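# Structural features, examined
Spelled out, the chains give:
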Amino acid sequence: MNGMTRIPVREQEPRVRATNFEEVCLGYNQEEAMAEADRCLNCKNPKCVEGCPVNIDIPAFITEIKQGDIKAAYDKISEYSALPAICGRVCPQESQCEARCVRGIKGDAVSIGKLERFAADWAREQDVRPEKTAKSNGKRVAVIGSGPAGLTCAGELAKAGCEVTIFEALHEAGGVLSYGIPEFRLPKKTVVRSEIENVMALGVKIETNCVVGRSVTVEELLEKEGFDAVFIGSGAGLPRFMGIPGENANGVFSANEYLTRSNLMKAFDEAYDTPIHAGTKVAVVGGGNVAMDAARTALRLGAEVHIVYRRSEAELPARAEEVHHAKEEGILFDLLTNPTKILVDENGWVKGMECIRMELGEPDASGRRSPVEIPGSEFVMELDTVIMSLGTSPNPLISSTTEGLETNRRRCLVAKEETGATTKPGVFAGGDAVTGAATVILAMGAGKTAAKGILEYLGV
Amino acid sequence: MFQITKKRVLANQIYLMDVKAGRVARSGQPGQFVIVKMDERGERIPLTICDYDREQETVTIVFQAVGASTRRMAELEEGEYFQDFVGPLGQPSELTKESSEALQKKKLLFIAGGVGTAPVYPQVKWLREQGCRADCIIGARNEALIILEEEMKQQAAHVYVATDDGSRGFHGNVTECLKDLMAKGNEYDQIVAIGPLIMMKFVCLLTKELGIPTIVSMNPIMIDGTGMCGACRLTVGGETRFACVDGPEFDGHLVDFDEAMKRQTMYRTEEGRALLQLQDQQSGKEHHESCGCHQ
Ligand SMILES: Cc1cc2nc3c(=O)[nH]c(=O)nc-3n(C[C@H](O)[C@H](O)[C@H](O)COP(=O)(O)OP(=O)(O)OC[C@H]3O[C@@H](n4cnc5c(N)ncnc54)[C@H](O)[C@@H]3O)c2cc1C
Ligand code: SF4
Ligand code: FES
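Residues numbered from 1 in each chain as written. Chains lettered and ligands numbered in written order. Predicted model: local features only at pLDDT ≥ 70, side-chain atom pairs only at ≥ 80, totals over all residues. Heavy atoms only, no water.

What follows is about the packing of helix α7 (residues 197-210) of chain B against helix α9 (residues 257-264) of chain B. All names here are of chain B. Running from N to C, α7 and α9 point in directions that differ by 175 degrees, and their axes come no closer than 10 Å. Classified by the angle between their axes, α7 and α9 sit roughly antiparallel to one another. Together, L197, I198, M200, K201 and C204 of α7 and F257, D258, A260, M261 and Q264 of α9 make up the contact between the two elements. (Axes fitted to C-alpha atoms, helices over the stretch in contact; angles between N-to-C directions. Helix = DSSP H or I, 4+ residues; strand = E, 2+ residues; numbered from the N terminus. Parallel < 35°, antiparallel > 145°, perpendicular 65-115°, else oblique. Contact = heavy atoms within 4.5 Å.)

Below you can see the structure in the form of structure tokens.
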């Protein structure tokens, strides 16, 4: 071993895992983690830190792992991130920290995400929990939404001594971490639940079953319920459809519906009442993380699954690891293909999907080469299920019921980047609700920034 | 946890419950609904708000025990709890946006089918508080399935009962009863129809002919009830709308009922695992749950 290649991480066999909902990646053990940590050069000017949206002191925590002091590694990470077991699993490391790692120039980048995950999992297994230390500063803050943005903001404020209540619309906390990202990638009972409990251990209260804008308004929180400030971390949960004929047929679902049935309602588990239409031949339209998650869920429920994406492999927005895992498990990729029509049988069920082949044209504004239709290349895929995964946008429920809260053309809340302050005094926002669908770590970063903004606003 | 403070059997398999739920009771309005999840493994079941008491902080729901989850719900007794109870969801009834003066000038008719009588009741009651007394047709297959008749009589100007088998009141369905009322010289400016899809469809076909604006309350398959999943989508006036946030009430003359009826059968062919466990052979554990209110 010359240090050029990373220590491989143990995973469930593709053929085995394609039929179960257990976690795919098994993670490092201490020996493996220490060996991988040994590959870190502890650079004077660490590029990885610049690549991390919350600037975790990566060489510092890796050095602790190298020396076998996992508790110290965990404490170091915790200074920056409240959800390390989650980030270690779902961050797109290949385009963030690991993309900048010097080791990556000639060989493999250090497996930063897997090391972060190792330290966080170790802490959970040893029952190391953050402690409630701060004494109350007498300020009360309402946080709307319990996704990564809300959890992080709430945790930071509680650490500073604020009394924080999170209001969550669903019956379960966690946002996308609970209803979107599947069990096989992010175990709920162990990992997600435990990181939420860590936030609660800081004194944060969570009120589920409360839809702000309906059960209570932002104004009522401020004026009647005595909160001094409000943070909106309501995410970008509204699914988009294509607007093609046949989209309301039976057997066409949004990825959100399909994933929510499986993850939040646990339809994959016999003991739960909620049904899911697994399908026998399924097309998932889209190429992001959400599409990969829906595809791999359908596969585990027993279907043959095709990813239908209008650009080529290089443009797939999903994390590299997810695409790799999906292929290993037997998901078929129909790239440069775009649906034009859903074919429906006489009972209202999907029987196929008409598609057209695409080719890549000139780069568009985003720099990606835009796909153009190849005339006359239409063909029909026979299917019984279509899952639309075309992206999501913020829900207007809060903006439309709160006076003075501005949104932009994409329905995102307008908020200052440095403080999270919205156009309404005392109201802050961050995460997908502001940026549109993005990533866990960016939402966490925004939650943290807004917490600082809120503390400043409250004068504490 | 949300405590059941009262339970009443209204008819065979039709239950009324008062549930302690402060936030819903404080902000609920006629036309809105709640989602109930009885325990860890239960489904999320949308039910129209049938009444609310802002002082006691209770909300009344009425449901028919037809599928796996609603049957288990029906077994709960006073003093026991629902794990989750969220709302109010959806838009308040269009009528709540009009002034009492405007309402008092209107001749309104409600058409309630089966369990649909329950969501009609708070609207008729609310109208009465605005000084407007509406008429109401309550329809059911037979006498035993007529619910809330006495309560309705106290709020409405006239209550007409129609049964398919003639066991009580008008012999015939609600559409025939409406025809009969019109033939007898009744006139209406606006109709609100709430009941099974097939009933609403035929009421709308008739009222379109008669030129009477008609509001219907849709109750499709739902999960979150906040606009997140799209399970509740319908075609209204050629456009896709989400019943949970854009509705549940829509202009009945614009709703594509045939599509809605097909969508309701979505989980019927599925092997209702939970249902099998409950030995129910006749229906899937699907939309029945969601439209328990409207069967
Ligand atoms: C299937 C899927 C897979 C993904 N995979 C990855 C990945 O691998 N890596 C990655 O980095 N990112 C991934 N993402 C994106 C990432 O999950 C999101 O960017 C992130 O969760 C956004 O966090 P948030 O806190 O802003 O919002 P969310 O996580 O969306 O949380 C918002 C919360 O607010 C609640 N809410 C909304 N409206 C209201 C209201 N009116 N009242 C009360 N509560 C309300 C919602 O119920 C929800 O719980 C994925 C997303 C999905 C859907
Ligand atoms: S939080 Fe994400 S970007 Fe930052 S070090 Fe961890 S894996 Fe890398
Ligand atoms: S119930 Fe999910 S969008 Fe309406």
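Attention now moves to the site of ligand 1. Residue and element names in this part refer to chain A. Within the structure, ligand 1 sits among 35 residues, and V90, A149, E168, R185 and V212 are positioned closest to it. Between ligand 1 and V176 there is a distance of 3.0 Å, counted from an oxygen atom to a backbone nitrogen or oxygen. With respect to ligand 1, the backbone of T439 contributes an N or O atom lying 3.3 Å from an oxygen atom. Against a free-state accessible area of 1,000 Å², the protein chains account for coverage of 94% of ligand 1. Among the elements of the structure, α10 (148-159), α15 (289-300) and α18 (440-458) are those that each provide at least two residues to the shell around ligand 1. For the shell around ligand 1, the leading source of residues is α15, giving three residues. Across the shell around ligand 1, the residue classes break down as 19 nonpolar, eleven polar and five charged. (Near = heavy atom within 4 Å. Polar contact = N/O pair within 3.5 Å; in protein donor to acceptor, adjacent residues only side chain to side chain. Areas by Shrake-Rupley, 256 points an atom, 1.4 Å probe, with all protein chains shown as cover. Nonpolar A, V, L, I, M, F, W, Y, C, P; charged D, E, K, R; others polar.)

Residue and element names in this part refer to chain B. Under the 1.5 Å per step criterion, the end-to-end length of α7 is 20 Å for 14 residues, consistent within 8% with the ideal 20 Å. Among the residues making up α7, those that are buried are L197, M199, M200, K201, V203, C204, L206 and T207. Looking at the buried residues of α7, the elements they touch are β9 (108-113), α6 (174-183), β13 (190-194), β14 (214-217) and α9. With its phi angle positive at about 75 degrees, G211 sits one or two positions after the end of α7. (Expected span 1.5 Å × (residues − 1). Buried < 20%, exposed > 50% of the residue type's maximum accessible area, 1.4 Å probe, protein only.)

With that out of the way, let us pick up the site of ligand 2. Taken together, C52(A), P53(A), I56(A), I58(A), C91(A), Q93(A), Q96(A), C97(A), I112(A), E116(A) and I441(A) make up the full set of residues near ligand 2. Class assignment for the residues of the shell around ligand 2 results in eight nonpolar, two polar and one charged.

Formed by 70 residues in total, the largest nonpolar core has its most connected members in I58(A), F61(A), I62(A), I65(A), L115(A), L157(A) and I454(A). Top contributing element to this core by residue count: α18(A), with nine residues. Ignoring any residue separated from it by four or fewer positions in sequence, one finds F61(A) in contact with I56(A), A73(A), K76(A), I77(A), I112(A), L115(A) and E116(A). Among the nonpolar cores identified, the runner-up in size contains 58 residues, and A21(B), V24(B), I138(B) and I147(B) belong to it. (Core = buried A, V, L, I, M, F, W, Y, C linked by side-chain atoms within 4.5 Å.)

Before going further, it helps to examine unusual backbone geometry. For residues besides glycine, phi is generally negative; the peptide bonds are generally trans as well. The omega angle of the peptide bond from G87(B) to P88(B) is -5 degrees, so this bond is cis rather than trans. The peptide bond linking G247(B) to P248(B) adopts the cis configuration, its omega dihedral lying at 10 degrees. With respect to the secondary-structure elements, P248(B) resides in the loop between α8 (243-246) and β17 (249-251). In this structure, N42(A) is a non-glycine residue whose phi angle is positive, near 50 degrees. Here N42(A) lies in the loop between α2 (30-37) and α3 (47-51). A relative accessible area of 40% means that N42(A) is categorised as partly exposed. Positive phi is not limited to glycine here, since L148(B) has a value of about 55 degrees. Tracing the backbone through its elements, the reader meets L148(B) in the loop between β10 (135-140) and α5 (149-155). For L148(B), a relative accessible area of 9% gives the class buried.

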